[in-house]
Structure formats: C-alpha cells, structure tokens
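One letter stands for each residue in the lines below.
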Amino acid sequence: MATPVILDCDPGHDDAFNILLAAAHPAIDLLAITTVAGNQTVAKTTLNARRVCTAAGIEGVPIAAGRDRPLHGPVRVAASIHGESGLDGPGFADPTVPLDPRDALTLLHDTLLTHPEPVTLVPTGPLTNIAALLLAYPEVKERIARIVLMGGSTDRGNTTPAAEFNIHCDPEAADLVFTSGLPVTMIGLNASHQVLATPDVIARVEALGTPLARVCGEMLGFFSDRYREVFGLPGAPLHDPLTVAHLIDPELLGCVRAHVAVELHGRHTRGATVVDLHRVTGQEPNAEVATEVDVDRFWDLITGAVRSLGDRQS
Ligand code: RIB
Ligand code: CA
C-alpha cells in the first residue's frame, strides 16, 4: 500500500529531486506539493516546483504557494547556493503544470481532511507552512500520520556555525513542530552530508541519456559547483530526497530516538537543533533522528527515479 504524502518544499535543487523521487516511486502516493519561502522567494520556489513537474511530466499533483516569510524575523534566501532563480543550471521552458488556486494552508487542510487515511507530511524547507497549519487548524493533527523533515543537525550548522538553513530561517516554526507531539523524524546535515553528488554520481545520472537526465545533470552540476566554491565539498549534499527515500525504504537510514530542542534565543546559536543523543537532559525523546545512511541504496533510488520518469516520457 503506497504511503500518502504531501511535500512542503522550497525548490531548490535538492527539493527538486525529492519531487522526482516521490512522483516516480510506487511506494509513494504524492497527493500534493506546497511551497514556502526559503532557498528563494515563495514566488520563485513555486515557479520552480511547476518547472520541475513540467520537465518530468508529473501531472495531476496540485501545487499551491505558501508563506512568503517566517513567523518571526526577516526573509532569507540562499542565492549563493541555488542561484537567483532558486534552480539555476538548466534552462527550463515555461511551465505547463498549473498553480492551484488555493493557498498552501488551504490545500494542506483540504487534503488532510478529505484523504481516507492519515497523511505523511514531508517538509524540506523552513517549517513556516507546517507551523501555520497547526496554529490555524489544530483539528488536522489527527489526520497527520507523521512528519519526516529535512532540517537541523546533530552537530554543526551550514548557515551559522550552529544552525542549519531550514531551521535558522524560522526557528519558532521549527520549535512548534518539534513540540507538537506529532511523530517527527529529523534528517539533518549530519546525515545529508553522507550523500554528496560527486562527479561520478552526476555522470551516472547523465548516462541515462534522456532529456530529463540532462536537466538533472545540469541541476546537479550547478548545485555541486556552488557547494565546491562555498564549502569546498567534492559534491553537493543531496539533502531533501533522504526524506522520501526513508519512506520508501525505512532501512535506508539508521535513526535514534532523542530529544530535539530548537534554540530560539542564543546570540550565536539561534536556530540550532540541540539533539540530546546521550539523554543527559532527562527530557523524553520527541523525534527519530537520522544518523546513518545506506549511501549506495540512496543513489540507486535517485537514478531509478530519473530513469523511470525519463522513460515514461520517451
Ligand atoms: O540546509 C539544507 C536545506 O536547506 C535543504 O532543504 C535545502 O534545500 C535548503 O532548503
Ligand atoms: Ca529544501
């Protein structure tokens, strides 16, 4: 039985691959895509979601735009990593996949309340939409099976020395999610930095030889060039698709239960996820935290998704 999923994302190169994986794999029933300000403005992340779905021939999945700013604090984007468009690299044609007339919260609310079984939420951007949903419609909590998010880290950050981008963009929203009482799986930088899109990985994707494979190679190429220039890494960590990959194959990640606190006030540490791996605080665990990754299985899933979608178009 396929897992019903809603992606809440800020495409963003790695978000784009999460859309491809969710749409391609039979273990996932992709019900909807909502977008949020993060890697770029919400106007750009929404356009990018439509571009990716158009390029991959993903039809019939509603896409709705969400919040344009965090619950508190300024809007931040990551143009240094994702470019001015938020998805630099390929030259995308104008999207043919339409924008849903509803806003993200309405689409989330409608989908959660009408779907016959509880739905898994997969946020891979700032948690603004999810927090706003829980605040506006607390009754939807019983319709949420679990939340599997990309964000945070058990060790250092990437936006400040302490904070990862998604959490740093909207710490109050993240705090609300981690204290919601809902089952949360946190996939942080400590896990995602184990899946780097090195030149060998990019060559494996491009060798699939379809137009979609070429677009994916261009996305990975731009993304990895930026990570090489900014962080000196041999390839870009493909953060977000670890979420859907975990849903497809729960054995792909090694997880531990731990208490996760979001720092809201630290002058140097605001937005940090403080993960009590050794239970020194005595606080009850509130999340499954990813620590280990089956890297080969992950890349098999990614290349399999690109192959499957590309073949459907030929
Ligand atoms: O820190 C990495 C995360 O922030 C990823 O989800 C990336 O797409 C950005 O949203
Ligand atoms: Ca993202």
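Just above, that's the structure.
This section reports on the structure supplied with the text. (Residues numbered from 1 in each chain as written. Chains lettered and ligands numbered in written order. Predicted model: local features only at pLDDT ≥ 70, side-chain atom pairs only at ≥ 80, totals over all residues. Heavy atoms only, no water.)

1. Describing the environment of Met186
Argument step 1. With respect to the element layout, Met186 can be found in strand E6 (residues 184–187).
Argument step 2. A sequence separation of 59 residues divides Met186 from Ala245, and the C-alpha atoms of the two residues are 13 Å apart.
Argument step 3. Filtering out sequence-adjacent residues up to four positions away, Met186 remains in contact with Leu149, Gly151, Gly152, Ser153, Thr154, Phe178, Val260, Thr273, Val275, Glu288, Val289 and Ala290. (Helix = DSSP H or I, 4+ residues; strand = E, 2+ residues; numbered from the N terminus. Contact = heavy atoms within 4.5 Å.)

2. Some remarks on the site of ligand 1
Argument step 1. Taken together, 13 residues sit near ligand 1, with Asp14, Asn158, Glu164, Asn166 and Asp240 positioned nearest.
Argument step 2. Side-chain polar atom of Asn166 to an oxygen atom of ligand 1: 2.8 Å apart, as the coordinates give it.
Argument step 3. For ligand 1, whose accessible area on its own is 280 Å², the fraction buried by protein is 97%.
Argument step 4. Taken atom by atom, the bulk of ligand 1 overlaps the largest pocket.
Argument step 5. For the shell around ligand 1, the elements supplying multiple residues, two or more each, are helix H1 (13–24) and helix H6 (165–169).
Argument step 6. Class assignment for the residues of the shell around ligand 1 results in three nonpolar, five polar and five charged. (Near = heavy atom within 4 Å. Polar contact = N/O pair within 3.5 Å; in protein donor to acceptor, adjacent residues only side chain to side chain. Areas by Shrake-Rupley, 256 points an atom, 1.4 Å probe, with all protein chains shown as cover. 1 Å grid on protein atoms, 1.4 Å probe; cavity = no way out; pocket = protein on both sides within 12 Å on 5 of 7 lines; lining within 4 Å. Sits in = over half its atoms within 2 Å of the grid points. Nonpolar A, V, L, I, M, F, W, Y, C, P; charged D, E, K, R; others polar.)

3. Some details on helix H4 (residues 104–114)
Argument step 1. Within the sequence span of H4, burial applies to Ala104, Leu105, Leu107, Leu108, His109, Thr111 and Leu112.
Argument step 2. Where H4 is buried, its residues meet strand E1 (3–9), strand E2 (28–35), strand E3 (63–65), strand E4 (119–123), helix H5 (128–136) and strand E5 (144–150).
Argument step 3. Of the residues flanking the start of H4, the one acting as N-cap is Asp103, its side-chain oxygen 3.3 Å from the backbone nitrogen of Leu105. (Buried < 20%, exposed > 50% of the residue type's maximum accessible area, 1.4 Å probe, protein only.)

4. As for the sheet that holds strand E9 (residues 253–262)
Neighbouring strands of a sheet are bound in pairs by backbone hydrogen bonds; such pairs are parallel or else antiparallel.
Argument step 1. Read from one edge to the other, the open sheet built from nine strands follows the order E3-E2-E1-E4-E5-E6-E11-E9-E10, with strand pairing classed as mixed. Edge positions in the sheet fall to E3 and strand E10 (273–276), since each has one partner strand and no second. On average, each strand axis in the sheet is tilted by 30° relative to the strand beside it, whichever way the strands run.
Argument step 2. On the sheet, helix H11 (residues 241–248) packs against E1, E2, E4, E5, E6, E9 and strand E11 (287–293) and is oriented at approximately 135° with respect to E5. (Pairing = 2+ DSSP bridges. Axes fitted to C-alpha atoms, helices over the stretch in contact; angles between N-to-C directions.)

5. Some points on the pattern of salt bridges
Argument step 1. Going through the model one piece at a time under the given rule, you end up with 10 salt bridges.
Argument step 2. The residue Asp100 makes a salt bridge to Arg102 at a minimum N-O spacing of 2.8 Å.
Argument step 3. Notably, a salt bridge pairs Asp300 with Arg204, separated by 2.5 Å at the nearest N-O pair. Linking Asp300 in helix H12 (residues 295–313) with Arg204 in helix H9 (residues 199–206), this pair joins segments that are 96 residues apart in sequence.
Argument step 4. Given a relative accessible area of 40%, Arg204 falls into the partly exposed group.
Argument step 5. Members of the salt-bridge network, linked through shared partners, are Asp100, Arg102 and Asp110. (Salt bridge = Lys/Arg side-chain N within 4 Å of Asp/Glu carboxyl O.)

6. Remarks on the side chain of Asn18
Argument step 1. As for its placement among the helices and strands, Asn18 is situated in helix H1.
Argument step 2. Residue class for Asn18 comes out buried when judged on its relative accessible area of 1%.
Argument step 3. For Asn18, the residues in contact, after removing those within four places along its chain, are Leu7, Val122, Thr124, Asp240, Pro241, Thr243 and Val244.

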